Amino acid sequence: MKLFVPQISPAVWWCLGGGFLWRLLVTTFLPVGFDEAYYYLYSRHLAWSYFDHPLLVALTTGVGWWPVGVGSALTIRVGALLLYTLSLLLLYTTARYLFDEKTGVVAIAIGSIAPIFWIAFGVLTSPDNSLIFFWTLTLLLAAWEFIPRRFSSTSSLRKAAYQPTYRVALIGLTVGLACLSKYHGFILGAGLVGFCLTSDRTRRVFWSPWLLAALLLFLLTLTPLWWWNGQNDWFSFRFHLFLRFAGDGAPNPYRILDALGTWGLGLLYLFPTIGLPLWWSTAQSLLERVQTIIHPPMSAGERVARDRTALILWLSLPIALGFTLLGGKQAIYPAWPAPGFWGMTLLLAHRASGWQRRTVRRWLGGTAIFLGTLVLLALLHLNVGLLQKPSNFALLGGLVPIEQDGSTTLLNVGQLRSRLTQSPELMAALAEADFVFTDEFYLSGYVDMAIYPLAQKPLTAFSQDPRGFAFWHEPAAWIGQDALYLTLKSLHPDQDELVAEFQPYFASVNAIGAVPLTRGGAEADTVLIYQMTDMQQAYQYPYP
């Protein structure tokens, strides 16, 4: 089995190299997001699995900062940068195998330009980094296994006959690794089963001993998931299947307009010049698939072409369309349907490969230039307040008052660390504290990244939305210990209420400092710091 494709065209290397350098630039200057700060905490609390995700995101987040001992926007995203480059190469290899070289080049170009792909998969650290890698590897293995290469419409049926091979077992392994990345991997496995059931060529896989090997590898790969959930009352499964959809008991009818809005947001995340053709090409391919059901293909080549399209649709459309429709019932995160869009890229690339070269260059080049300009403006704003007022670097005097600018919630970890070291009093208080806590799970991630190189103190979150902290620490263990409490001024306009919230848990609560965080010379927020002595009672989490 060949894992590397020889004679890769120069255009592919340009896409891979140029895309990597562009993502490196964005990775370095894009502030750490809420979820990223939380996934950093995964890498600080290694476990077999976690409250809301399997374990691989802890490894992909930690691989960059563990060697240097400092968490930053760049170091926690090294795994994302490297894995996405490999995912693009796998996408190109799959497109070239299923179709041709030109389709592969167009596919890798789309993957390098569409914002939802290169940002969600290739910049931000998240479970999607390893998910899309193993998703694409599974698609490539499935193509090698189920789709014969280079069949014409006159090829003999005997040559097109399918015989299961060892690759079926490898598919079981890669689907398992996709599930260890994110629970979306189970949808990938279901799509493969659906494809094999609906293709008269591939149904014989269900009577193959290789399928038993695949199931065994799949189950063994998921051992960490079974182990952690078994030790924690299957909480992660219960959360994703039931608890997150429970709501507050009020009626929650399905809303068609919300589903359409979710579809429209998907177009925006892909960018309309890519999103609209993507859905159009998928609809065309789906219609052709329906026609093959009504009028079954006769030749071997036609049957293979039918299965080629069916494989892509089965591994793409259920998750893309399913989460889009789910948007009519609840809010959908942008990355949820993205693996489906990723697979649909193959269909769009194949159709675009038949367009004139000038048309393709104008389409993709124009989109890339426009998006690149927007991203550079966004990075300037996030770092120096280009559009905020007041700001030392404001464009045209600024457009958005800093008090109303939601982007200020993305904290500058390096600035917080630097300003803590400038205060001997705060550093002394940090050294004396037995542990540190905040009142938001994501804020604990920012704070831990800032103070870990300074003092490696246990850190937790006392919140009614504790996420993993409800499993990482036993609250009763903190009784009798002294703490340092850090929070944000923007979260607590009334600081008397802030003190009253935690006063019952400690013998004393004393404000000892405030660290201003600035952008463009203007104060964006302030970190409030309290010294808490002799914890009296355990904080009560809502779960497990």
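This one's a predicted model, so the numbers in the text were calculated from it and none came from an experiment.

## Re the overall build of the protein
Part 1 of the argument: Along the backbone of the protein there are 23 helices and 7 strands.
Part 2 of the argument: Relative to the compact-globule value of 24 Å for 544 residues, the protein shows a C-alpha radius of gyration of 26 Å, a close match.
Part 3 of the argument: For the protein, the spread of C-alpha atoms along the three principal axes comes to 85 × 55 × 50 Å.
Part 4 of the argument: Here the protein holds 544 residues, and the buried ones make up 55% of them.
Part 5 of the argument: Long-range contacts, defined here as pairs at least 24 residues apart, represent 75% of the contacts in the protein between residues at least 6 apart.
Part 6 of the argument: Entry remark: accessible area of the protein is about 24100 Å², with carbon and sulfur atoms responsible for 65%.
Part 7 of the argument: For the protein, the separation between the mean place of its 35 positive charges and that of its 32 negative charges on side chains is 23 Å.

## Describing the packing of helix α16 (residues 300-326) against helix α17 (residues 338-352)
Part 1 of the argument: Across the interface, α16 lies against α17 with an axial gap of 7 Å and an inter-helix angle of 140°. Compared by their axis directions, α16 and α17 come out oblique. The two elements α16 and α17 meet at a crossing, and its hand is left-handed. Across the interface between the two elements, I312, L313, S316, I319 and A320 of α16 pack against P339, G340, F341, G343, M344, L346 and L347 of α17.
Part 2 of the argument: Split into classes, the residues belonging to the contact of α16 with α17 amount to 9 nonpolar, 3 polar and no charged.

## Concerning the pairing of strand β5 (residues 483-488)
Part 1 of the argument: Of all 6 residues in β5, 6 are buried; the element is thus mostly enclosed.
Part 2 of the argument: Of the two faces of β5, the one holding A483, Y485 and T487 and the one holding L484, L486 and L488 are both buried throughout.
Part 3 of the argument: Inspection of the sheet shows strand β3 (residues 435-438) paired to β5 by 3 bridges, in the parallel sense. Within β5, the residue paired with V436 across the bridge is L484.
Part 4 of the argument: As judged from the 6 bridges shared by β5 and strand β7 (residues 522-535), these two strands associate in the antiparallel manner.

## Let's talk about the sheet that holds β7
Two pairing modes exist for strands in a sheet, parallel and antiparallel, and in both the strands are linked by backbone hydrogen bonds.
Part 1 of the argument: The 5 strands lie next to each other as β4-β3-β5-β7-β6, forming an open sheet whose pairing is mixed. Looking at which strands have only one partner, the edges of the open sheet turn out to be β4 (459-461) and β6 (506-519). Averaged over all neighbouring strand pairs, the angle between strand axes comes to 25°, with direction disregarded.
Part 2 of the argument: In the packing of helix α19 (residues 413-421) onto the sheet, the strands contacted are β6 and β7, and the crossing angle to β6 comes to about 120°.
Part 3 of the argument: Against the sheet, helix α21 (residues 441-451) contacts β3, β4 and β5, and its axis sits at roughly 165° relative to β4.

## Regarding the side chain of K182
Part 1 of the argument: In this structure, K182 sits in the loop between α9 (167-181) and α10 (185-198).
Part 2 of the argument: In contact with K182, not counting residues within four places along its chain, are H53, P54, P127, D128, L131, A335 and W336.

## A look at the packing of aromatic side chains
Part 1 of the argument: Scanning the model with the defined rule gives 55 aromatic pairs in all.
Part 2 of the argument: An angle of 65° between the planes, with centres 6.1 Å apart, marks the rings of W22 and W118 as edge-to-face. Taken together, the positions of W22 in helix α1 (residues 10-29) and W118 in helix α6 (residues 115-120) put the pair 96 residues apart, joining distant regions of the chain.
Part 3 of the argument: Taken together, a centroid distance of 5.8 Å and an interplanar angle of 85° make the contact between F121 and W342 edge-to-face.

## Digging into unusual backbone geometry
Part 1 of the argument: Across the junction of K389 and P390, the peptide omega takes the value 0°, indicating a cis bond.
Part 2 of the argument: Mapped onto the fold, P390 is located in the loop between β1 (388-389) and β2 (400-401).
Part 3 of the argument: In this model, F271 sits at a positive phi of 85°, which is unusual for a non-glycine residue.
Part 4 of the argument: Here F271 is to be found in the loop between α14 (256-270) and α15 (272-294).
Part 5 of the argument: For F271, a relative accessible area of 16% puts it in the buried group.

## Considering the confidence of the model for the protein
Part 1 of the argument: Of all residues in the protein, 95% attain a pLDDT of 70 or more, and the chain-wide mean is 92.
Part 2 of the argument: Under a pLDDT of 50 for its full length, residues 1-5 has, in the predicted model, 7 contacts with residues more than four places off or in other chains.
Part 3 of the argument: Long-range and interchain partners of residues 152-157, a stretch whose pLDDT sits below 50, account for 11 contacts in this model, where long-range means more than four residues apart.

## Quick look at the nonpolar core
Part 1 of the argument: Among the nonpolar cores identified, the biggest contains 165 residues, and I110, F117, L311, F437, F462, F506 and M532 are the most heavily contacted of them.
Part 2 of the argument: The element best represented in this core is helix α7 (residues 128-146), accounting for 13 residues.
Part 3 of the argument: In contact with F117, other than residues within four places in its own chain, are Y84, I110, G111, G122, L270, A338, F341, W342 and T345.

## Notes on the side chain of T345
Part 1 of the argument: Considering the arrangement of structural elements, one finds T345 in helix α17.
Part 2 of the argument: Take T345: its relative accessible area is 1%, and that puts it in the buried class.
Part 3 of the argument: Each residue touching T345, except ones within four places of it in the same chain, is listed here: A107, I110, F117 and L278.

## Things to note about the pattern of salt bridges
A side chain with one charge may pair with a side chain of the opposite charge, provided their charged atoms come close.
Part 1 of the argument: Here the structure, examined in full by the defined rule, presents 13 salt bridges.
Part 2 of the argument: Between R303 and D200 there is a salt bridge, and its shortest N-O distance comes to 3.5 Å. With R303 in helix α16 and D200 in the loop between α10 and α11 (209-221), this residue pair connects regions lying 103 residues apart in the sequence.
Part 3 of the argument: For D200, a relative accessible area of 40% translates into the label partly exposed.

## Examining the environment of A461
Part 1 of the argument: Positionally, A461 belongs in strand β4.
Part 2 of the argument: Judged by relative accessible area, which is 0%, A461 ranks as buried.
Part 3 of the argument: Once the C-alpha coordinates of A461 and V413 are considered, the two residues, 48 residues apart in sequence, prove to be 18 Å apart.
Part 4 of the argument: Residues within four places of A461 in sequence aside, it is in contact with T438, E440, F441, S444, F469 and Y541.

Criteria and thresholds
- Residues numbered from 1 in each chain as written.
- Predicted model: local features only at pLDDT ≥ 70, side-chain atom pairs only at ≥ 80, totals over all residues.
- Heavy atoms only, no water.
- Helix = DSSP H or I, 4+ residues; strand = E, 2+ residues; numbered from the N terminus.
- Rg over C-alpha atoms; globule rule 2.2 N^0.38 Å.
- Buried < 20%, exposed > 50% of the residue type's maximum accessible area, 1.4 Å probe, protein only.
- Contact = heavy atoms within 4.5 Å.
- Areas by Shrake-Rupley, 256 points an atom, 1.4 Å probe, with all protein chains shown as cover.
- Lys, Arg positive; Asp, Glu negative; His and termini not counted.
- Charge placed at Lys NZ, Arg CZ, Asp CG, Glu CD.
- Axes fitted to C-alpha atoms, helices over the stretch in contact; angles between N-to-C directions.
- Parallel < 35°, antiparallel > 145°, perpendicular 65-115°, else oblique.
- Left-handed = near helix turned anticlockwise from the far one by under 90°.
- Nonpolar A, V, L, I, M, F, W, Y, C, P; charged D, E, K, R; others polar.
- Pairing = 2+ DSSP bridges.
- Phe/Tyr/Trp six-rings, centres within 6.5 Å; stacked < 30°, edge-to-face > 60°.
- pLDDT = per-residue confidence, 0-100.
- Core = buried A, V, L, I, M, F, W, Y, C linked by side-chain atoms within 4.5 Å.
- Salt bridge = Lys/Arg side-chain N within 4 Å of Asp/Glu carboxyl O.

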